[in-house]
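Okay, here's what each chain looks like letter by letter:
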Amino acid sequence: MIITKVMMMRNNLVFDSFDDALKEYAKENKVPIILDEGLSFLINIIKVSKTKKILEIGSAIGYSAIEIVKNTDSYVDTIERNLDMYNEAKKNIALANLNDKINIYNVDALESFDLFKHKKYDLIFIDAAKAQYKKFFQEFEILLNDNGIIICDNMNFHNLVNGNLDDMSRSLRGLVRKLSEFEAWLLENDKYLSSIYDIGDGMSISIKKE
């Protein structure tokens, strides 16, 4: 039902000059951020599911957390291990006057569970190291509320997933294999109702079963 409603919703995001500046900074500095189509999908999921508390793994420059809070009635805890990205994100969150709705942590997600173990979230958004998606999922799924949702971005990874592995470097092949293995594991996980959508750079949505 959630997905049906979302797929019927239009992309009605409106970007202001601040949003455009963030996107331009990301482009110039080769910082990967969520694509417009994926962002619209994510925000519509949040609206339809009436999500209030979100954990984001992978802040980058803070773009997605800022857009989520600007377009929904949600609070976001976001994790970024890269100090330069953390500082940029922290600056952008302050410039957007959203310090009261976004908390950013400069930690390694896989070493920081104790910071969050007493919290509960309606939605977890994973957009960090692609090879670690399964570990992120397993580490933090215990924090989901009943009927909670986990969304992962870049499941197609620039259309390389299901591509010709022979044309890739050894490290890239390894990453693509891990993403493909994660996708298979996700779809077979009977604790969730999961689907993969060819939206943006590919997005998975997993809804926790009762």
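Refer to the structure above for everything that follows.
All figures in this text were calculated on a predicted structure; none of them were measured in a lab.

A.B. asks: So what exactly am I meant to see when it comes to the overall build of the protein chain here?
C.D. replies: On a plain count of helices and strands, the protein chain comes out with eight helices and seven strands. The burial tally for the protein chain puts 47% of its 210 residues in the buried class. Pairs at least 24 residues apart make up 69% of the contacts formed inside the protein chain by residues separated by at least 6 positions. Summed over its atoms, the accessible surface of the protein chain is roughly 11000 Å², and 49% of this surface lies on carbon and sulfur atoms.

A.B. asks: Sorry, what's going on with unusual backbone geometry here?
C.D. replies: Trans is the common state for peptide bonds, and a negative phi is the common state for residues other than glycine. Here the phi dihedral of K30 falls at roughly 55°; this positive angle occurs in a residue that is not glycine. Relative to the helices and strands, K30 resides in the loop between α2 (17-28) and α3 (36-48). Among the residues examined, K30 registers a relative accessible area of 73% and is labelled exposed. Within the chain, K50 stands out as a residue other than glycine whose phi angle is a positive 55°. Mapping K50 onto the fold places it in the loop between α3 and β1 (53-57). K50 gets classed as exposed once you look at its relative accessible area, which sits at 64%.

A.B. asks: Teacher, can you tell me more about the packing of aromatic side chains here?
C.D. replies: Each aromatic ring pair is specified by the distance between its two centres and by the angle formed by the two planes. Inspection of the entire model under this criterion finds nine aromatic pairs. Where F41 meets Y197, the ring centres are 5.6 Å apart and the plane angle is 45°; that geometry is what we call tilted. Here F41, found in helix α3, pairs with Y197, found in strand β6 (residues 192-197); they are 156 residues apart in sequence, far enough to count as distant. Considered together, F41 and Y197 belong to a single accessibility category, that of buried residues. Note on F113 and F140: the rings are 6.1 Å apart at their centroids and 50° apart in plane angle, and the pair reads as tilted. With F113 in helix α6 (residues 113-116) and F140 in helix α7 (residues 133-140), this pair connects stretches of sequence that are 27 residues apart.

A.B. asks: I'm lost on the sheet that holds β6 in this one. Help?
C.D. replies: The strands that make up a sheet are held in pairs by hydrogen bonds between backbone atoms, and each pair lies either parallel or antiparallel. Here we have seven strands laid out as an open sheet, ordered β3-β2-β1-β4-β5-β7-β6, and mixed in their pairing. Every interior strand has two partners, whereas the edge strands, β3 (102-105) and β6, have only one. Along the sheet, successive strands turn relative to each other by an average axial angle of 15°, direction set aside. Of the pairings in the sheet, the one linking β1 to strand β2 (residues 75-79) comprises five bridges and is parallel in character. In the strand pairing of β2, I54 is matched with V76. In this fold α7 packs onto β1, β2, β4 (121-126), β5 (144-152), β6 and β7 (203-208), with an angle of close to 165° to the strand it touches most, β4.

A.B. asks: How should I be thinking about the nonpolar core in this particular structure?
C.D. replies: Generally speaking, a soluble globular protein has its nonpolar side chains buried in company with each other. In terms of nonpolar packing, the biggest core is built from 37 residues, with L42, I102, L123 and I151 touching the most fellow members. Looking at this core, the elements that each hand over two or more residues are α2, α3, α4 (63-71), α5 (83-95), β3, β4, β5 and β7. Take this core: its biggest share by element is six residues, from α3. Aside from chain neighbours lying at most four places away, what touches I151 is L42, I45, L123, I124, F125, I126, M203, S204 and I205. Counting 23 residues, the second largest nonpolar core, distinct from the first, contains F113, I126, F136 and L144.

A.B. asks: What is the right way to look at the packing of α2 against α4 in this model?
C.D. replies: In a packed pair of helices, the relevant descriptors are the angle between the two axes and the axis-to-axis distance. It is the contact of α2 with α4, at a shortest axis distance of 11 Å, that shows an interaxial angle of 160°. Between α2 and α4, the crossing angle belongs to the class labelled roughly antiparallel. Crossing geometry of α2 relative to α4 is assigned as left-handed. Residue-level contacts link F18, D19, L22 and K23 of α2 to Y63, I66, E67 and K70 of α4. Classifying every residue of the contact of α2 with α4 by side-chain character gives four nonpolar, no polar and four charged.

A.B. asks: Can you help me understand α2 in this one?
C.D. replies: In an α-helix there are 3.6 residues to a turn, and that puts residues three or four apart on one side. Between its terminal C-alpha atoms α2 stretches 16 Å, which fits the 16 Å expected from twelve residues at 1.5 Å a residue. The backbone nitrogen of F18 lies 3.1 Å from a side-chain oxygen of the residue at the head of α2, namely D16. After α2 finishes, the residue K30 shows a positive phi value of roughly 55°.

Rules of the game
- Residues numbered from 1 in each chain as written.
- Predicted model: local features only at pLDDT ≥ 70, side-chain atom pairs only at ≥ 80, totals over all residues.
- Heavy atoms only, no water.
- Helix = DSSP H or I, 4+ residues; strand = E, 2+ residues; numbered from the N terminus.
- Buried < 20%, exposed > 50% of the residue type's maximum accessible area, 1.4 Å probe, protein only.
- Contact = heavy atoms within 4.5 Å.
- Areas by Shrake-Rupley, 256 points an atom, 1.4 Å probe, with all protein chains shown as cover.
- Phe/Tyr/Trp six-rings, centres within 6.5 Å; stacked < 30°, edge-to-face > 60°.
- Pairing = 2+ DSSP bridges.
- Axes fitted to C-alpha atoms, helices over the stretch in contact; angles between N-to-C directions.
- Core = buried A, V, L, I, M, F, W, Y, C linked by side-chain atoms within 4.5 Å.
- Parallel < 35°, antiparallel > 145°, perpendicular 65-115°, else oblique.
- Left-handed = near helix turned anticlockwise from the far one by under 90°.
- Nonpolar A, V, L, I, M, F, W, Y, C, P; charged D, E, K, R; others polar.
- Expected span 1.5 Å × (residues − 1).
- Polar contact = N/O pair within 3.5 Å; in protein donor to acceptor, adjacent residues only side chain to side chain.

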